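Fold and contact review
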Amino acid sequence: MWEKLGEKFEKYPARMKVAKKMIELGLSLNEDGKIYCGNLKINDKSLAAAADVDRRAIKSTIEVIQNDSELFNIFNNIIPAGTLLKNIAKSLNLGVIEIEVTSENENILSAVTKIISEKKVNIRQAYAEDIEMEEYPLLTIITNDIVPADTINEFLKIKGVNKVSIY
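The text that follows walks through the structure, step by step, so that each part is easy to find. Everything quoted here is computed from the prediction, not taken from an experiment. (Residues numbered from 1 in each chain as written. Predicted model: local features only at pLDDT ≥ 70, side-chain atom pairs only at ≥ 80, totals over all residues. Heavy atoms only, no water.)

A short note on the side chain of Thr143
Inspection of the secondary structure puts Thr143 in strand S6 (residues 138–143). Residue classification places Thr143 among the buried positions, given a relative accessible area of 0%. (Helix = DSSP H or I, 4+ residues; strand = E, 2+ residues; numbered from the N terminus. Buried < 20%, exposed > 50% of the residue type's maximum accessible area, 1.4 Å probe, protein only.)

Structure follows, in structure tokens:
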């Protein structure tokens with residue numbers, strides 16, 4: 001997907017910003033040429049403000065996507081992922097583990113969940129940022145209980161883990 005976006009938008013940074021923002025927010029492009037978050041229609045002005053581009057960049061990005069069947073198939077089928085519990089975890093008495101990963105992050109999720117399960121802590125939610133969109137992507141795990149602080153050392157032993165925060 002990122003290669004295809006690069007081909008289409010490398011000479012148009014504003015369009016690339018729009019496409020990335022749509023992916024980041026789970027926004028889809030419908031057959032009617034309108035942008036949606038689920039069934040909620042998003043107006044061009046709001047998306048332009050969020051992507052920090054001129055409104056004309058929204059229209060031109062839509063046109064490019066609509067005229068490319070592969071891109072349209074991707075953007076037409078994007079589904080928003082739902083609520084990330086990270087910012088409200090404390091209010092819900094949930095634990096949060098944030099793990100900053102490097103580009104060598106193969107099997108990190110598997111290794112992390114194994115350590116958590118050995119602590120007899122249930123995982124409520126897992127969210128991994130895209131390594132193509134973030135310089136320092138985070139793996140965020142929401143747990144039913146806060147994992148013991150000494151677990152940080154175990155996470156840091158995993159290849160590709162750069163930094164760990166538990167709260």
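Overview of the packing of helix H1 (residues 2–9) against helix H5 (residues 69–76)
Between H1 and H5, whose axes approach to 11 Å, the crossing angle comes to 120°. Overall, the two elements H1 and H5 adopt an arrangement that is oblique. Crossing geometry of H1 relative to H5 is assigned as left-handed. On H5, the residues touching Lys4, Leu5 and Lys8 of H1 are Glu70, Leu71 and Phe75. A breakdown of the residues in the contact of H1 with H5 according to their chemical character gives three nonpolar, no polar and three charged. (Axes fitted to C-alpha atoms, helices over the stretch in contact; angles between N-to-C directions. Parallel < 35°, antiparallel > 145°, perpendicular 65-115°, else oblique. Left-handed = near helix turned anticlockwise from the far one by under 90°. Contact = heavy atoms within 4.5 Å. Nonpolar A, V, L, I, M, F, W, Y, C, P; charged D, E, K, R; others polar.)

A word on the sheet that holds strand S2 (residues 35–37)
Read across the open sheet, the three strands follow the order S1-S2-S3; overall the sheet is antiparallel. Bordering the open sheet on either side are strand S1 (28–29) and strand S3 (40–42), each of which pairs with just one other strand. In this sheet, S3 lies alongside S2 in antiparallel orientation, the contact comprising three bridges. Looking at S3, one finds that Tyr36 is bridged to Lys41. (Pairing = 2+ DSSP bridges.)

Description of H5
Buried residues of H5: Leu71, Phe72 and Phe75, and no others. One face of H5 carries all of its buried residues, which in axial projection span an arc of 100°. Considering only its buried residues, H5 is in contact with H1, helix H2 (13–25), S1 and helix H4 (55–66). Measuring from the backbone nitrogen of Glu70 back to the side-chain oxygen at the start of H5 gives 3.0 Å, which picks out Asp68 as the cap. (Arc of directions from axis to C-beta. Polar contact = N/O pair within 3.5 Å; in protein donor to acceptor, adjacent residues only side chain to side chain.)

What to know about the sheet that holds strand S7 (residues 161–166)
Ordered in space as S5-S6-S4-S7, the four strands form an open sheet in which the pairing is antiparallel. Edge positions in the sheet fall to strand S5 (123–128) and S7, since each of these pairs with one other strand and no more. Each strand of the sheet is rotated relative to its neighbour by a mean of 15°, with strand direction disregarded. With five bridges connecting them, strand S4 (residues 95–101) and S7 associate as antiparallel partners. When the bridges of S7 are listed, Glu98 appears paired with Ser165. Here helix H6 (residues 108–118) sits on the sheet in contact with S4, S5, S6 and S7, set at roughly 25° to S6.

Note that every value here comes from positions in space, so none of it alone points to a role or purpose.
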